[in-house]
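Summary of the model geometry
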Amino acid sequence: LVELPPPQRLALSYGPLRARATTLALFALDARLGTLVRRRGEPVLAQMRLAWWRDTLAADPASWPAGDAVLDSLREWREPAGLVPLVDGWESLLGDSLDAQAFAQPRGAAFARLAGELGLEAPGAAACGQVWALGDLAANLSDAAERAAAVKYAAALPSPTALPRALRPLTVLAKLARRSLSRGGGPLLDGPGA
């Protein structure tokens, strides 16, 4: 699909086989959207690419173009349109100032959608997804003030809760993120202790 960052690859290895393909599809979409934002160059071009993803995910999967590995992995989802807010979350980073909430909430909602896709009741999935989103964001911010804002917003969120076994990759990411955020927002995998 796409090259996943090491924390997501590690977390995916902890998931049960029956949930891996669905979880991988979400991780791959998230990674693709993150790449679009990081390589934004001209913000208008990034917004156009993100708009394409928003429109495509909202459309019937039968109308999606063939040959894109990320889209192909999402064709089996019952409600891929539920991932449209994830695009909005990534797009929020294109603004002039960081809005940690506008970034974290949609990313958390994507994990609530993953739980639904797996047929699970997991009320803590969205909160765990937000914690991971903020940890991931803080670890990749070069501006100290923005990193501090992400850490501060995360501190107000509840601690990651126990999730069903199928969501173990999210549990791993949320705990790595919480650990990183408690240390000021450094890398999620910073040595054997992680």
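Definitions and cut-offs
- Residues numbered from 1 in each chain as written.
- Predicted model: local features only at pLDDT ≥ 70, side-chain atom pairs only at ≥ 80, totals over all residues.
- Heavy atoms only, no water.
- Buried < 20%, exposed > 50% of the residue type's maximum accessible area, 1.4 Å probe, protein only.
- Helix = DSSP H or I, 4+ residues; strand = E, 2+ residues; numbered from the N terminus.
- Arc of directions from axis to C-beta.
- Contact = heavy atoms within 4.5 Å.
- Patch = residues over 30% accessible without salt bridge, like charges linked within 9 Å, V, L, I, M, F, W, Y side chains within 5 Å.
- Areas by Shrake-Rupley, 256 points an atom, 1.4 Å probe, with all protein chains shown as cover.
- Salt bridge = Lys/Arg side-chain N within 4 Å of Asp/Glu carboxyl O.
- Phe/Tyr/Trp six-rings, centres within 6.5 Å; stacked < 30°, edge-to-face > 60°.
- Lys NZ or Arg CZ within 6 Å of the ring centre and 35° of its normal.
- Axes fitted to C-alpha atoms, helices over the stretch in contact; angles between N-to-C directions.
- Parallel < 35°, antiparallel > 145°, perpendicular 65-115°, else oblique.
- Left-handed = near helix turned anticlockwise from the far one by under 90°.
- Nonpolar A, V, L, I, M, F, W, Y, C, P; charged D, E, K, R; others polar.

1. Here's the deal with helix H1 (residues 6-13)
Taken residue by residue, H1 has Pro7, Gln8, Ala11 and Leu12 as its buried positions. For H1, the angular spread of the buried residues around the axis is 130 degrees, confining them to a single face. Tucked into the core, H1 has its buried residues touching helix H2 (17-38), helix H7 (125-139) and helix H9 (168-182).

2. Quick word on a nonpolar patch on the surface
Residues Leu10, Tyr14 and Leu189 make up a contiguous nonpolar surface patch of about 240 Å² in total accessible area. Position of Leu10 relative to the elements: it lies in helix H1. Residue class for Leu10 comes out partly exposed when judged on its relative accessible area of 32%.

3. Quick notes on the packing of aromatic side chains
In the structure shown here, the tally under the stated rule is five aromatic pairs. Ring geometry for Phe27 versus Trp132: centroids 6.5 Å apart, planes at 45 degrees, classification tilted. In this pair, Phe27 is assigned in helix H2 and Trp132 in helix H7, connecting sequence segments 105 residues apart. Taken together, a centroid distance of 5.1 Å and an interplanar angle of 90 degrees make the contact between Trp52 and Trp53 edge-to-face. Take Trp52: its relative accessible area is 38%, and that puts it in the partly exposed class. In this arrangement the basic side chain of Arg107 is found over the ring face of Trp132, its NZ or CZ atom lying 4.2 Å from the centre.

4. What about the packing of helix H5 (residues 84-91) against helix H6 (residues 100-117)?
At a minimum axis distance of 8 Å, the contact between H5 and H6 shows a crossing angle of 155 degrees. Classified by the angle between their axes, H5 and H6 sit roughly antiparallel to one another. Viewed along their axes, H5 and H6 form a crossing whose handedness is left-handed. Here Pro85, Leu86, Gly89 and Trp90 of H5 lie close against H6, whose contacting residues are Ala102, Phe103, Pro106, Arg107 and Ala110. When grouped by side-chain class, the residues that make up the contact of H5 with H6 number seven nonpolar, one polar and one charged.

5. Here we look at the packing of H2 against H6
Contact pair H2 / H6: the axes reach a minimum separation of 10 Å and the direction vectors enclose 160 degrees. By the angle between their axes, H2 is roughly antiparallel relative to H6. Here H2 and H6 pass one another in a crossing that is right-handed. Facing H2, whose interface residues are Thr22, Thr23, Leu26, Phe27 and Asp30, H6 presents Arg107, Ala110, Phe111, Leu114 and Glu117. Taken together, the residues of the contact of H2 with H6 sort by class into five nonpolar, two polar and three charged.

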